[in-house]
Amino acid sequence: MTAVGILGTGSYVPDRIVSNDEVGAAAGVDDAWITRKTAIRRRRWAAADQATSDLATAAARRALKSAGITAGQLSLIVVATSTPDRPQPPTAAYVQQNLGAAHAAAFDVNAVCSGAVFALSTAEAMVARTGGHALVIGADLYSRILNPADRRTVVLFGDGAGALVVGPVRQGVGIRKIALHTFGELSDLIRVPAGGSRLSCDPRAHDSGLHYFTMDGRGVRRFVEEHLPRLVKQFLHETGVVPADIAHFVPHQANGVLLDEVMAELGLPGATLHRTLTYYGNTGAASIPLTLDAAARAGSIRPGDLVLMAGFGGGMAAGLALVGW
């Protein structure tokens, strides 16, 4: 089995900056309330002519440049998204076309905000068996499915994409372990009720607002508080890594207040908590690769550092990855 690691990173956010005052106006909240509750100060929203594949393609191009490979060298493209361009075909097919990656198989995965880790697990397994290079992209465009009057959700989300190039590395570095978890009994905590085979998005559903993203915020917080610290501690124990060995913690950028609480509970004394939500908000499946790219480009991560990634969100799902840089 080939050792597999991250060879390059890239990210993209739209140009339009949306302030707390702008997004909070219709929801009846102001900048002070949003900042106190979430630590988010602004976010980026896509232009009317942009789709998820456009964001994903831009991030992918930057990741390929970072890795020093061409699109023609890719054998696989996996896009993690819960806001695809269309129900079908897969958004990854559009990305493949945009990049000119003619030799790459392309498909989507949907594990909502944990999606990038689920996609990374898939890519690692395939590259380990067959070699080659894979492109893992997390991309979401939530601004199209948010209820502007729902203060529980509309203030949280931004649009963006993050990408990782995955390929063979020397033994002893690269991806050390990945663990994936799903708690299907909690699947209704986060959902978009209409638009699938259970309930079509007909005019009645649309008029009732069932096409909007909905979230039980308190239920999600309970899930994270009850499960994430336990899962992380179990994961590190199984990997044989002590918490003090972790140099960087890159979690899903759900809510800044929640992340501070989780970080305190995890007990990672030597780890830097990386955050992009202050200026980009919660970018769904994009948040982990986008934040990892920001840290890498800032020069914060050095060769040999251990990076812990933790995704959590709809499903309910959690994905953990430990990577030697």
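Data block above holds the structure.
Each value, and the rule that gives it
Residues numbered from 1 in each chain as written. Predicted model: local features only at pLDDT ≥ 70, side-chain atom pairs only at ≥ 80, totals over all residues. Heavy atoms only, no water. Phe/Tyr/Trp six-rings, centres within 6.5 Å; stacked < 30°, edge-to-face > 60°. Helix = DSSP H or I, 4+ residues; strand = E, 2+ residues; numbered from the N terminus. Buried < 20%, exposed > 50% of the residue type's maximum accessible area, 1.4 Å probe, protein only. 1 Å grid on protein atoms, 1.4 Å probe; cavity = no way out; pocket = protein on both sides within 12 Å on 5 of 7 lines; lining within 4 Å. Points joined across faces, edges and corners; volume = space filled by probe spheres on them. Nonpolar A, V, L, I, M, F, W, Y, C, P; charged D, E, K, R; others polar. Axes fitted to C-alpha atoms, helices over the stretch in contact; angles between N-to-C directions. Parallel < 35°, antiparallel > 145°, perpendicular 65-115°, else oblique. Left-handed = near helix turned anticlockwise from the far one by under 90°. Contact = heavy atoms within 4.5 Å.

## Details of the packing of aromatic side chains
Summed over all chains, the structure comprises 4 aromatic pairs. Residues Tyr 142 and Phe 157 carry aromatic rings whose centres are separated by 4.7 Å and whose planes lie at 20° to one another, so their mutual orientation is stacked. Of this pair, Tyr 142 sits in the loop between strand S6 (133–140) and strand S7 (160–168) while Phe 157 sits in the loop between S6 and S7, and the two are 15 residues apart along the sequence. Accessibility assignment for this pair places Tyr 142 and Phe 157 in one class, buried. Relative to Phe 213, the ring of Tyr 142 lies with its centre 5.3 Å away and its plane at 90°, an arrangement referred to as edge-to-face. You can see Tyr 142 sitting in the loop between S6 and S7 and its partner Phe 213 sitting in the loop between helix H6 (203–207) and strand S10 (214–215), a full 71 residues away along the chain. Side by side, Tyr 142 and Phe 213 carry an identical accessibility label, which is buried. Through a chain of ring-to-ring contacts, three or more aromatic side chains come together here, namely Tyr 142, Phe 157 and Phe 213.

## Quick word on the layout of surface pockets
There is about 970 Å³ of room inside the largest pocket. Around the largest pocket, the lining is made up of 33 residues, and of these Ser 82, Thr 83, Pro 84, Ile 145 and Val 192 lie nearest the centre. Mapped onto the lining of the largest pocket, the elements with two or more residues apiece are strand S5 (105–109) and strand S9 (190–191). Grouping the constituent residues of the lining of the largest pocket by class yields 15 nonpolar, 13 polar and 5 charged. Taken as a whole, the second largest pocket encloses approximately 670 Å³ of empty space. In terms of lining residues, the second largest pocket is bounded by 24 residues, among which Arg 152, Met 215, Gly 217, Arg 218 and Asn 255 are the most central. Contributing elements (two or more residues each) for the lining of the second largest pocket: helix H2 (31–38), helix H7 (217–239) and strand S13 (306–313). Among the elements that take part in the lining of the second largest pocket, H7 stands out by supplying 5 residues, more than any other. Considering only residue class, the lining of the second largest pocket consists of 12 nonpolar, 6 polar and 6 charged.

## A closer look at the packing of helix H3 (residues 52–67) against helix H4 (residues 91–99)
Working note: a packed helix pair is described by the angle between its axes plus the distance between those axes. Contact geometry for H3 and H4: axes closest at 9 Å, N-to-C directions at 50°. Here H3 lies oblique to H4, going by the angle between them. The hand of the H3/H4 crossing is right-handed. On H4, the residues touching Thr 52, Ser 53, Ala 56, Thr 57, Ala 60, Arg 61 and Leu 64 of H3 are Thr 91, Tyr 94, Val 95, Asn 98 and Leu 99. Looking at the contact of H3 with H4, its residues break down into 6 nonpolar, 5 polar and 1 charged.

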